[in-house]
Amino acid sequence: MDRLHPIIHAAGAEERLPGWAVASPARRRHARRVGGLLGEWADALEHDATTRIRWRAAGLLHDALKDEAVEVLRPLVHGAEEWPGPLLHGPACANRLRASGVDDEPLLRAIASHTTGHPDLGALGRALYMADFLEPGRPASGPERAGLRRRMPEDWHAVLAEVATARIGSLIDRKIPVSSATAGFWRVVTAPR
């Protein structure tokens, strides 16, 4: 057995969301595609079976509360007043998982920060950040994003920098404030190697 929390195992091995998830059928299809992309990358990186399940679980769970009302999400997030409504679902989902007994901090941070990025994101968090943007079913997923997907995971760092540039640009275009965590993530991602 993989010794993962039952919610994580169910999501990563069986594509099953917890009963508290609030996600439309379209959102669930998106989450499955993100999980599938993460699974492909974990396979290509030759991660062990448990890590592959964790990566697929992060993809399936990242938007588990995306379709929940903002007024329901706010009480789930400490400092919610600092988060724009469209970005609350990630930290709310991570806190809901934590309250359910999930203690996998890299996975929880990945889910909490999948939209904004965070300087402390590890490989899983960075992969989820990219996969959420690059999954092929997104309406804006055209030839450019397909090209970025083809470069993964071999050209990881360069693709991450391109995705971060596009995602932060999207926040700015939508007039969503760029948080200090996002700015810190940008500094980490673009730092000379």
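Throughout what follows, the structure given in this document is the object of discussion. Each chain carries its own residue numbering, running from 1 in the direction its sequence is written. Only residues with pLDDT of at least 70 are given local features in this predicted model, and only at 80 or more are side-chain atom pairs given and counted; all residues enter the totals for whole chains, interfaces and linings. Each side-chain value is derived from all of the structure's non-hydrogen atoms; neither hydrogens nor water enter the calculation.

### Section: the overall build of the protein
Quick note on the threshold: Here a helix means four or more residues in a row that DSSP labels H or I, a strand means two or more in a row labelled E, and each is numbered from the N terminus. Only protein chains enter the accessibility calculation, which uses a 1.4 Å probe; a residue is then buried when its area is under 20% of its type maximum, exposed when over 50%, and partly exposed in between. By the convention used here, residues are in contact when the closest approach between their heavy atoms is within 4.5 Å. Here the open area of atoms and residues is found with the Shrake-Rupley method and a 1.4 Å probe, where only the protein chains shown may cover a residue. We score Asp and Glu as negative and Lys and Arg as positive, and we do not count His or the chain ends. Note that the charge is assigned to NZ on lysines, CZ on arginines, CG on aspartates and CD on glutamates.
A tally of regular secondary structure across the protein gives 10 helices and zero strands. Taken from N to C terminus, the helices and strands of the protein fall in the order α-α-α-α-α-α-α-α-α-α. Taking the principal axes of the C-alpha coordinates as reference, the protein spans close to 40 × 40 × 30 Å. Here the protein holds 193 residues, and the buried ones make up 50% of them. Pairs at least 24 residues apart make up 62% of the contacts formed inside the protein by residues separated by at least 6 positions. For the protein, the computed accessible surface area is about 9300 Å², with 53% contributed by carbon and sulfur atoms. Distance between charge centroids for the protein: 3 Å, based on 26 positive and 24 negative side chains.

### Concerning the packing of aromatic side chains
Cut-off, in case you're wondering: Under the pairing criterion, centres of Phe, Tyr and Trp rings, with the six-membered ring standing for Trp, must be within 6.5 Å; the plane angle then separates stacked pairs below 30 degrees from edge-to-face pairs above 60, leaving the rest tilted. Remark: a charge is flagged as sitting over a ring if the NZ atom of Lys or the CZ atom of Arg is within 6 Å of the ring centre and within 35 degrees of the ring normal.
Under the definition given, this model contains two aromatic pairs. We note Arg 167 situated over the ring of Tyr 129; from NZ or CZ to the ring centre the distance is 4.6 Å.

### A look at the nonpolar core
Defined as follows: Here, nonpolar core refers to any group of buried Ala, Val, Leu, Ile, Met, Phe, Trp, Tyr and Cys residues whose side-chain atoms link them within 4.5 Å.
Residues Trp 41, Leu 61, Leu 97, Met 130 and Leu 134 are the most contacted members of the largest nonpolar core, which totals 55 residues. At the level of elements, α1 (6-14), α2 (25-44), α3 (49-61), α5 (89-99), α6 (105-112), α7 (123-134), α9 (156-173) and α10 (180-190) are the ones that each hand at least two residues to this core. Ranked by the residues each element gives to this core, the list is headed by α7, at eight residues.

### Some details on unusual backbone geometry
That bond from Met 152 to Pro 153 is cis: its omega, -5°, falls within 30 degrees of zero. Take Pro 153: it is sitting in the loop between α8 (143-150) and α9. Positive phi outside glycine occurs at Glu 15, with the angle close to 55°. With respect to the helices, strands and loops of the structure, Glu 15 is situated in the loop between α1 and α2. The exposure class assigned to Glu 15 is partly exposed, which follows from its relative accessible area of 45%. Backbone geometry at Glu 46 places phi at a positive 60°, although glycine is not the residue there. Following the sequence through the fold, Glu 46 ends up in the loop between α2 and α3.

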